[in-house]
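# An overview of the molecular structure
Single-letter residue listing:
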Amino acid sequence: MSFIQNTWYAAAWSREITRSLLSRKIANESIVFYRKEAGDIAALTDRCPHRFVPLHLGKLKGDIVECGYHGLCFDPSGACTLNPHGDGAIPRAAKVKSYKVVEKHDVAWVWLGDASKADESLIADFSVLTNPKFRTVSSYLHVQANYQLVSDNLLDLSHGQYLHPMFKNAEGPPKFEAEKEPQPDEVWAKFSRPNQLPNKYFQMLGFPKDQRGDHRNFMRWNAPSLLLLDVGMTGVNRPAEEGISIPTSHLLTPETETSTHYFWAMSRDFRQDEDDLSQELLRAGVALFDDEDKPVIEAQQRMINTQDLMSLKPVLLQTDGPAVRARRIVEAQLKAEQP
Amino acid sequence: MSFIQNTWYAAAWSREITRSLLSRKIANESIVFYRKEAGDIAALTDRCPHRFVPLHLGKLKGDIVECGYHGLCFDPSGACTLNPHGDGAIPRAAKVKSYKVVEKHDVAWVWLGDASKADESLIADFSVLTNPKFRTVSSYLHVQANYQLVSDNLLDLSHGQYLHPMFKNAEGPPKFEAEKEPQPDEVWAKFSRPNQLPNKYFQMLGFPKDQRGDHRNFMRWNAPSLLLLDVGMTGVNRPAEEGISIPTSHLLTPETETSTHYFWAMSRDFRQDEDDLSQELLRAGVALFDDEDKPVIEAQQRMINTQDLMSLKPVLLQTDGPAVRARRIVEAQLKAEQP
Amino acid sequence: MSFIQNTWYAAAWSREITRSLLSRKIANESIVFYRKEAGDIAALTDRCPHRFVPLHLGKLKGDIVECGYHGLCFDPSGACTLNPHGDGAIPRAAKVKSYKVVEKHDVAWVWLGDASKADESLIADFSVLTNPKFRTVSSYLHVQANYQLVSDNLLDLSHGQYLHPMFKNAEGPPKFEAEKEPQPDEVWAKFSRPNQLPNKYFQMLGFPKDQRGDHRNFMRWNAPSLLLLDVGMTGVNRPAEEGISIPTSHLLTPETETSTHYFWAMSRDFRQDEDDLSQELLRAGVALFDDEDKPVIEAQQRMINTQDLMSLKPVLLQTDGPAVRARRIVEAQLKAEQP
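Being a predicted model, the structure only gives us computed values, none of them experimental.

Once that is clear, we can look at the relation of the copies chain B and chain C. Applying a rotation about an axis and a shift along it to one chain copy brings it onto the other copy. By a simple turn and slide, chain B fits onto chain C: the slide is 0.1 Å along the axis, the RMSD is 0.0 Å, and the turn is 120°. Read as a symmetry element, the transformation amounts to a three-fold axis. Distance from the rotation axis, computed per C-alpha, reaches its smallest value in chain B at Thr306(B): 11 Å.

Laid out in structure tokens, this is it:
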């Protein structure tokens, strides 16, 4: 199994990349990230070409990384700028790959493939993360499972009824509505709960406990695995704008075939100045994603082991439609990249 | 290496299977066990056919298991009884394997192979475990070694002299008597110590320290790895019935090629009402099997690694006869199951 | 990858081998070492040929090792001297390999290959370890990396400037002088710092902080991976004998392809009677080798994974010359041993 190369992967929250060297493996490539003196981000292969020691064990000097083993220096373009030994000649092969990185929506995005195709406008819209009308809390989770299992989880939100006590509704699992006019590179998985009492999550957010309303969970997926959930609750048959919204971002980045970087954020358009609610949301996110989703997805990975999920012929339900479509889009993009 | 399919494996002590979901891997198959409302035992493949999440992470509702991920429900026959999503149609492939289980001698026995051959009368006789004339204590041990290495250990009890201080006799290793008329599917390994002083074990059981006696260790083996030790001590040249007996059961169940479920029990026909002696026996069992046998057998497994013991051409002694015969019976049964 | 067979490997410091059974894996062979009653050392395959239990789990009785499982006994020649079971006949195959071991320079050296070639005079000269003019401290380190990565580390001491704060000099990395007349089976890697202020290491040893001097680091390598560093500091342009010397031994023994036994010692020809300095040197050695070198070498191993360093085409600098020569000598010796 390989990974799509010509795509933007979420490498880190912007705040994670500082004047320290940050090592992160993205789609099997070890990369060291750091912020240059001017403030933009550099990303280099995290392996010195001399003796293969990770560069993040070295030192950042200005915009230069000095290898911690024998002192070879590399600039943000990946060129070796100093060999402190002997006559100081720099061997032609003494260079590392430099990755294109852009910051957008408070996320550092990295491009592994052909740099000439690295068009910033291809990044899916997560502007809600920096939209001043919203207050956003965000976190990071490491999952020992393939990123597509996490993506599948998010594309079938009917699991909330069984796995997440906070999302359980007395009237059973949500209604699933198949897409009428699917877009070629985008998938929508729409789950709704019209005319119901609020679950514990919406109660926490302040929706009156005894008031019925319409609750929507509309998940948008963009390749390879970037998901934005339009979630909110409003009065029965009232427009969404009248109610509360808490759009939730799930940025999934493959680390290896069996591990995933999971960046999540909750943005809300109400009670924005309440720090206590922000803390409560962070706690809820950890309970939901770390404590409830992660163990099940990792158990699934152990059952599947090194095989591909689809090759094991899983039984498919109607609610699996979006996940199956998303997997087909990834497969097509992978195929298109084959020489 | 594969495992015999058409045989009864000890899956659990009866008391271990309750109204909670118990997951146990038997001969590489993940199985979830639970007790039905009527009291008998159900056993299903511990993997939902929808997304391959282990069923034991779900909920038991009546006699039904509800998958913890998306709520598919399975009955004790393995049939899916509910798809709570969409139109509720149940895909034809939505089913899991149901295993035949019987309870006998306080043990839950599971049959992996052809259910039509699952004849309860094939279970070897361990009626001592529930015989009211005996008081029984029992426990469970997990060993990181192939079940045949544990079986070999029990079929050559001369090791007691070297590995178990409690079983050591001043007069050296026991006498081994080869079987005169071996049965086709049963192996006996008879070790005896006529006219000796009691070792520490028999002293603990109350045999007078300075009185000589006849001490017998007669191990019975039935395929694939069920062992019952007729062990006791009586006066010199006196019938066994006059002395004390403490028949010891060793039920070995392969978990994987390199790990074993080890169920053991000690039954005694004397001092049955002394709870302190029961506790002392449990402690002795842990000292003998957990602390002395297990480390040696696991070290043996690490030395052998993934190879088969016999392929490494071990030096064979006379006392290895029973273990070699038992391995040949297993091999023949495995061969007979090949298509 | 295989290991040279006809060579002396450092198996242990002499003091480590006592009347207890010491198990150590040398170049993938599990060996049990012990001191005979007469004081010399025996070394046997650490695996009973009967049931493959490690012999070091047994008992030492006189010069005999009794297997802890069934009591087979082996003498220092590897012959089985007792089968305590049945008729006591000793099967012809009941024997283990006995290894030739010699003690020299306070080190126990073991020979894995053809015993007829085990010539003690082939052991490289580490007589400094027992030379009464020197006071020696020594220790042991286990490294999760191939022994040649450790050897490479020691053959390019320019790394001290970057990895070891104690060895850093204000005037930059040391000067490297290529060998003029290389010997066929020996490699020298000479690094020097003429006319410099002492680094923290030499300050600790007592060289005046504000006095310039000549500092030499001349590393001698002998196959397969025995290194002696002639390190010292003297006045500018003064003979070495006038200054202080602290020859440092590094004996590297492959345990497996990816782990190494690392024996090190520091011998000094000054302040020999100061126990505090001995303790300080031991602490410095742990800081340098355990805390600074080991993590980098192990990170290197993880990057290289199961591949061979040279097959990954590392960029080579002038200072890599000695390491490359040493690897070529090992390769030639390995090739010469192929049938």
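Attention now moves to helix 1 (residues 147–155) of chain C. Burial runs high along helix 1 of chain C: 9 of the 9 residues are buried. With a side-chain oxygen positioned 2.8 Å from the backbone nitrogen of Gln148(C), the residue opening helix 1 of chain C is Asn146(C).

Residue and element names in this part refer to chain A. Partitioning chain A into domains gives domain 1 (8–122) and domain 2 (127–337). Taking only C-alpha atoms, the centre of domain 1 and the centre of domain 2 are 33 Å apart. Listed by partner, the interface residues are 17 residues for domain 1 and 18 residues for domain 2. Between domain 1 and domain 2 lies a buried interface of about 1400 Å² when both sides are counted; carbon and sulfur atoms form 63% of it. There are 0 salt bridges connecting domain 1 and domain 2. Linking domain 1 with domain 2 are 8 residue pairs in polar contact (both at pLDDT 80 or more). Put simply, the parts of the chain that give the side of domain 1 that touches domain 2 at least two residues each are strand 1 (8–13), strand 2 (22–26) and strand 10 (107–111). For the side of domain 1 that touches domain 2, the element with the highest residue contribution is strand 1, accounting for 6 residues. Taken together, the residues of the side of domain 1 that touches domain 2 break down into 10 nonpolar, 2 polar and 5 charged.

Let us now look at the UniProt feature "domain: Rieske" (unreviewed entry) in chain A. Feature annotation in UniProt places "domain: Rieske" (unreviewed entry) on residues 8–110 of chain A, given in this structure's numbering. Secondary structure across residues 8–110 of chain A comprises 0% helix and 42% strand; the distance between its end C-alpha atoms is 6 Å.

Before going further, it helps to examine the environment of Asp114(C). Structurally, Asp114(C) can be placed in the loop between strand 10 (107–111) and strand 11 (135–143). Between the alpha carbons of Asp114(C) and Asn6(C) there is a distance of 6.4 Å; along the sequence they are 108 residues apart.

Side-chain positions along a regular strand alternate between the two faces of the sheet. Residues and elements named next belong to chain A. In terms of residue burial, strand 1 counts as a mostly covered element, since 6 of its 6 residues are buried. In this structure, strand 1 lies alongside strand 10, joined through 5 bridges in antiparallel fashion. Along strand 10, the bridge assignment pairs Trp13 with Val107.

Right, let's get into helix 5 (residues 321–337) of chain B. The terminal C-alpha atoms of helix 5 of chain B, which comprises 17 residues, lie 25 Å apart, in line with the 24 Å expected from a rise of 1.5 Å per residue. Taken as a whole, helix 5 of chain B has its buried residues at Pro322(B), Ala323(B), Val324(B), Ala326(B), Arg327(B), Ile329(B), Val330(B) and Leu334(B).

Moving on, we get to the packing of helix 1 (residues 147–155) of chain B against helix 4 (residues 275–304) of chain B. For any two helices packed against each other, one specifies the inter-axial angle together with the distance between the axes. Residue and element names in this part refer to chain B. Axis separation between helix 1 and helix 4 bottoms out at 10 Å; the angle between their running directions is 130°. Considering the angle they form, helix 1 stands oblique to helix 4. Seen from above, helix 1 lies across helix 4 with right-handed handedness. Residues Leu149, Val150 and Asn153 of helix 1 touch helix 4, and the partners they reach there are Asp293, Ile297, Gln300, Gln301 and Ile304. A breakdown of the residues in the contact of helix 1 with helix 4 according to their chemical character gives 4 nonpolar, 3 polar and 1 charged.

As a further point, take the interface of chain A and chain C. On the side of chain C, 26 residues touch chain A, which itself brings 25 residues to the contact. In this assembly, chain A packs against chain C so that about 2100 Å² is buried in total across both faces, 65% of it on carbon and sulfur atoms. Among the residues of chain A in contact with chain C, Arg51(A), Phe52(A) and Tyr69(A) are the three that bury the most area, contributing 37% of the side total. Across the chain A-chain C interface, the total number found is 2 salt bridges. Here Arg51(A) and Asp152(C) are joined by a salt bridge, their closest N and O atoms 2.7 Å apart. For the interface between chain A and chain C, the tally reads 7 residue pairs in polar contact (both at pLDDT 80 or more). Here the side of chain A that touches chain C is built from residues that sort into 12 nonpolar, 8 polar and 5 charged.

So, about the sheet that holds strand 2 (residues 22–26) of chain C. All names here are of chain C. On the basis of which strands lie adjacent, the open sheet formed by 3 strands has the order 2-3-4 and antiparallel pairing. Edge positions in the open sheet fall to strand 2 and strand 4 (41–45), since each of these has one partner strand only. Geometrically, the sheet is characterised by an average inter-axis angle of 30° between neighbouring strands, direction not taken into account. Bridge count for strand 3 (residues 29–35) against strand 4 is 5 bridges, and the pairing is antiparallel. Within strand 4, the position partnered with Phe33 by the bridge is Ala43.

Thresholds applied
- Residues numbered from 1 in each chain as written.
- Chains lettered and ligands numbered in written order.
- Predicted model: local features only at pLDDT ≥ 70, side-chain atom pairs only at ≥ 80, totals over all residues.
- Heavy atoms only, no water.
- Least-squares fit on C-alpha atoms with pLDDT ≥ 70 in both.
- Buried < 20%, exposed > 50% of the residue type's maximum accessible area, 1.4 Å probe, protein only.
- Helix = DSSP H or I, 4+ residues; strand = E, 2+ residues; numbered from the N terminus.
- Polar contact = N/O pair within 3.5 Å; in protein donor to acceptor, adjacent residues only side chain to side chain.
- Domains from an automatic or database assignment.
- Contact = heavy atoms within 4.5 Å.
- Buried area = accessible area lost by both parts, 1.4 Å probe.
- Salt bridge = Lys/Arg side-chain N within 4 Å of Asp/Glu carboxyl O.
- Nonpolar A, V, L, I, M, F, W, Y, C, P; charged D, E, K, R; others polar.
- UniProt positions renumbered as here; feature names shortened; annotations may be inferred.
- Pairing = 2+ DSSP bridges.
- Expected span 1.5 Å × (residues − 1).
- Axes fitted to C-alpha atoms, helices over the stretch in contact; angles between N-to-C directions.
- Parallel < 35°, antiparallel > 145°, perpendicular 65-115°, else oblique.
- Left-handed = near helix turned anticlockwise from the far one by under 90°.

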